[in-house]
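Single-letter residue listing:
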Amino acid sequence: MNNSLNNFIKENYFDYKSDFFAAFIVRCTEMAKPRGRLSFLTPYVWMFILSYEKLRKRLLTENTIESLIQFEYSAFEEAVVPICTFSICNEYRKNYISDFIRLTEYKGGMEVQRLKTIEAAQNHNCGYYYETKLDIFLTLPSYPLAYWQGNGFIEAFNRLPTLSAVVDVKKGMTTADNNTFLRFWWEVMLQQTNKNSNSNATWFKTHKGGEFRKWYGNSENVVNWENDGAKLKAFSGAVIRNEDYYLKECVSWNDISSAKAAFRYVPYGSISNASGPSFYGSKENLLYLIGLCNSKVCEEFLTVLCPTIHFEVGQMAKLPTKIAPEKIEIVDRNTDKAISLSRLDWDSFETSWDFKRHPLV
């Protein structure tokens, strides 16, 4: 947006300023007559992401979404954009049951999407057609449109504590200049690192995302944290977040992933980067929760909380979490075994700090 448009939206549509299309939807509802109909083709990020929470609430409490089709991520081959199309009535109807078609699993461009839409309209038992009461979304945190989930899924959000109620979910530092402040660990002298608990080190381990990998690994980088990060703190643009949690053991994940979320155990001695957010707690809780977060159950929750390639701290903090006392021992044991196997694999290659010799040797 240019400055004039940006200022206009901030002054008149402040609650919807996260994106031009969000403000445009609201503007159209203002122009339409009461009980008038409007139809849109937009990115579907507004259905789930935290920054569109107020838009969702408005559409659910002041309007009525009558029907919606959620297309496959790259349905428009010319531009890889997550797209949906929906129709609304310009009035609120209590207990209204809306029609939804979910085409996210059907790849092949708009011709495939068109044929699948026709099939769903003709056969409501096709497996991807849903009828959902809109008011149920208002019971969920941030009101995500989880129309394809059952009552048990909805109840989990209402009944169970969130991840942030059990552990501390935190975003890491932003250096503002990775070329200056970040290195691979093999690019610096080992004596200048904190590998052997050297508190006078210049370079400290940092976890910052990396490839898709569960349980353990992706520990390749170091950050200049000499004298408690004096140079970094003095650097314009750098953001030092949650310093009290630096060097503590934690569970980390990639904030951006082209695949699914992957959670890894990070031992004591590493600093969290913004691209590798983390949660912190007791060792017992961390083992149990990394097992939960790497499970199919969590994967299903994240389809609603994090429907795109971003897995942000605010979204992850709302993950429904249950620690069952009778399951702690077996979950911790299995998780510890998974971490050990992943660590053994990671340490088999020269990019690991703890590499000793290649397994083929």
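Please read all numbers here as calculations on a predicted model, not as lab measurements. (Residues numbered from 1 in each chain as written. Predicted model: local features only at pLDDT ≥ 70, side-chain atom pairs only at ≥ 80, totals over all residues. Heavy atoms only, no water.)

A. Looking closely at the nonpolar core. Membership of the largest hydrophobic core comes to 72 residues, with the highest contact counts inside it found for Trp46, Phe263, Phe279 and Leu302. The element best represented in this core is helix H9 (residues 283-293), accounting for 7 residues. Setting aside residues no more than four positions away along its own chain, Trp46 makes contact with Phe21, Tyr52, Leu55, Arg56, Leu59, Ile65, Leu68, Cys84, Phe86 and Leu145. (Core = buried A, V, L, I, M, F, W, Y, C linked by side-chain atoms within 4.5 Å. Buried < 20%, exposed > 50% of the residue type's maximum accessible area, 1.4 Å probe, protein only. Helix = DSSP H or I, 4+ residues; strand = E, 2+ residues; numbered from the N terminus. Contact = heavy atoms within 4.5 Å.)

B. Structural detail: helix H2 (residues 20-31). For H2, which comprises 12 residues, the first-to-last C-alpha distance of 17 Å matches the rise-based estimate of 16 Å (1.5 Å per residue) to within 8%. By the burial criterion, the buried members of H2 are Phe21, Ala22, Ala23, Ile25, Val26, Cys28 and Thr29. Contacts from the buried residues of H2 go to helix H1 (3-12), strand E1 (37-43), helix H3 (53-61) and strand E3 (83-89). (Expected span 1.5 Å × (residues − 1).)

C. Expanded view of the sheet that holds strand E11 (residues 263-266). Here we have 4 strands laid out as an open sheet, ordered E6-E13-E10-E11, and antiparallel in their pairing. Looking at which strands have only one partner, the edges of the open sheet turn out to be strand E6 (168-170) and E11. Geometrically, the sheet is characterised by an average inter-axis angle of 25 degrees between neighbouring strands, direction not taken into account. Relative to strand E13 (residues 278-280), E6 is paired through 3 bridges, and the arrangement is antiparallel. Each bridged residue has a counterpart across the sheet, and for Val169 the counterpart in E13 is Phe279. (Pairing = 2+ DSSP bridges. Axes fitted to C-alpha atoms, helices over the stretch in contact; angles between N-to-C directions.)

D. Layout of the pattern of salt bridges. Within this structure, the stated rule accounts for 18 salt bridges. Arg93 is paired through a salt bridge with Glu66; the nearest N and O atoms lie 3.4 Å apart. Taken as a pair, Arg93 in the loop between E3 and strand E4 (97-102) and Glu66 in strand E2 (residues 64-70) lie far apart in primary sequence, 27 residues in all. Judged by relative accessible area, Glu66 falls into the buried class, the value being 13%. Between Glu299 and Lys296 there is a salt bridge, and its shortest N-O distance comes to 3.9 Å. (Salt bridge = Lys/Arg side-chain N within 4 Å of Asp/Glu carboxyl O.)

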